[in-house]
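# Observations on chain architecture
Each chain is listed here by its residues.
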Amino acid sequence: MIHHDLAKNAYWCCDGIGDSIICTNPLFYLAALAPLFPTFALISHFIVGTERSQADLKVALIFSILGVIPHLVYTLVVFVGINYISLYKALMLGVVAWIIAAAILVLTWQYIQS
């Protein structure tokens, strides 16, 4: 399947054969850590830190800490979901759960800030 091969090559996912270096390594689980590198957070924190006050940067940093919650929700939904449904469905359900958790976070944050 083309989509599977694209995902496998793009994200270094393991399919049991382990053609990528990370998957053949005993530390294959490190592949899940790579996407969590704070590239976008680093960029946004730099921009806020150079264009806004230190107080605004601290607010952005607190929100970044809370931003881990939607990722945790996604991961937990996929972790539980793969026991009951196919991987693809579990991943899609995880994305939906992430969107809902992120929306709740943003709405709650706006309510608290007002």
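Below or above, wherever it landed, is the structure these notes cover. (Residues numbered from 1 in each chain as written. Predicted model: local features only at pLDDT ≥ 70, side-chain atom pairs only at ≥ 80, totals over all residues. Heavy atoms only, no water.)

## Overview of the overall build of the chain
Filter applied, for reference: For helices the rule is a DSSP run of H or I covering at least 4 residues; for strands it is a run of E covering at least 2, with both sets numbered from the N terminus onward. Summary of the burial criterion: residues with accessible area below 20% of their type's maximum are buried, those above 50% are exposed, and those between are partly exposed, where the area comes from a 1.4 Å probe applied to protein chains only. Residue contacts are counted whenever heavy atoms from the two residues lie within 4.5 Å of one another. Surface exposure here means Shrake-Rupley accessible area, sampled with a 1.4 Å probe, where a residue is shielded only by the protein chains that are shown.
From N to C terminus, the chain includes six helices and zero strands. Start at the N end of the chain and walk to the C end: the helices and strands fall as α-α-α-α-α-α. When each of the 114 residues of the chain is scored for burial, the buried share is 15%. Restricting to contacts in the chain with at least 6 residues of sequence separation, those with at least 24 account for 35%. With an accessible surface of roughly 9,100 Å², the chain has 75% of that area assigned to carbon and sulfur atoms.

## Quick notes on the pattern of salt bridges
To keep it simple, the criterion reads: What makes a salt bridge here is a side-chain nitrogen of Lys or Arg within 4 Å of a carboxyl oxygen of Asp or Glu, nothing more.
On inspection of all chains with the given rule, the structure shows one salt bridge. Asp56 is paired through a salt bridge with Arg52; the nearest N and O atoms lie 2.9 Å apart. Of the residues examined, Arg52 reaches a relative accessible area of 54% and is grouped as exposed.

## Quick word on the side chain of His45
Just so we agree on the cut-off: Pairs of N or O atoms within 3.5 Å make up the polar contacts considered here, provided that, within protein, one atom can donate a hydrogen while the other can accept it, and that residues adjacent in sequence are counted only when both atoms are side-chain atoms.
When you line up the elements, His45 lands in helix H3 (residues 39-51). Residue His45 is classed as buried on the basis of its relative accessible area, which comes to 19%. Among the polar contacts listed, one links the side chain of His45 to the side chain of Ser64, at a separation of 2.7 Å. Ignoring anything within four residues of it in the chain, the contact list for His45 reads Leu57, Ala60, Leu61 and Ser64.

## Topic: helix H6 (residues 87-113)
Side chains three or four residues apart in an α-helix point the same way, a direct result of the helix having 3.6 residues per turn. Heads up, the rule is: Every helix has an expected span of 1.5 Å times one less than the residues it contains.
In a regular helix each residue adds 1.5 Å, so 27 residues correspond to 39 Å; H6 covers 38 Å between its end C-alpha atoms and thus fits that length. For H6, every residue scored as buried is listed here: Ala90, Gly94, Ala97, Ala101, Ala102, Leu105 and Trp109. If you follow the buried residues of H6, they end up packed against helix H4 (54-66) and helix H5 (68-81).

## As for the packing of H3 against H4
Note the following rule: Axis angles are defined between N-to-C directions and span 0 to 180 degrees, where every axis is a line fitted to C-alpha atoms and, for a helix, only to the segment in contact. When describing relative orientation, an angle under 35 degrees is termed roughly parallel and one over 145 degrees roughly antiparallel, while 65 to 115 degrees is termed roughly perpendicular and anything else oblique. Should the near helix be turned anticlockwise from the far one by less than a right angle, the crossing is termed left-handed; should it be turned clockwise, right-handed. Three residue categories are used. Nonpolar comprises Ala, Val, Leu, Ile, Met, Phe, Trp, Tyr, Cys and Pro, charged comprises Asp, Glu, Lys and Arg, and polar comprises the others, including Gly.
Running from N to C, H3 and H4 cross one another at 160 degrees; their axes reach a closest spacing of 8 Å. One finds that H3 runs roughly antiparallel with respect to H4. Crossing geometry of H3 relative to H4 is assigned as right-handed. Facing His45, Val48 and Gly49 of H3, the residues of H4 in contact are Asp56, Leu57, Ala60, Leu61 and Ser64. Its residues placed into classes, the contact of H3 with H4 shows four nonpolar, three polar and one charged.

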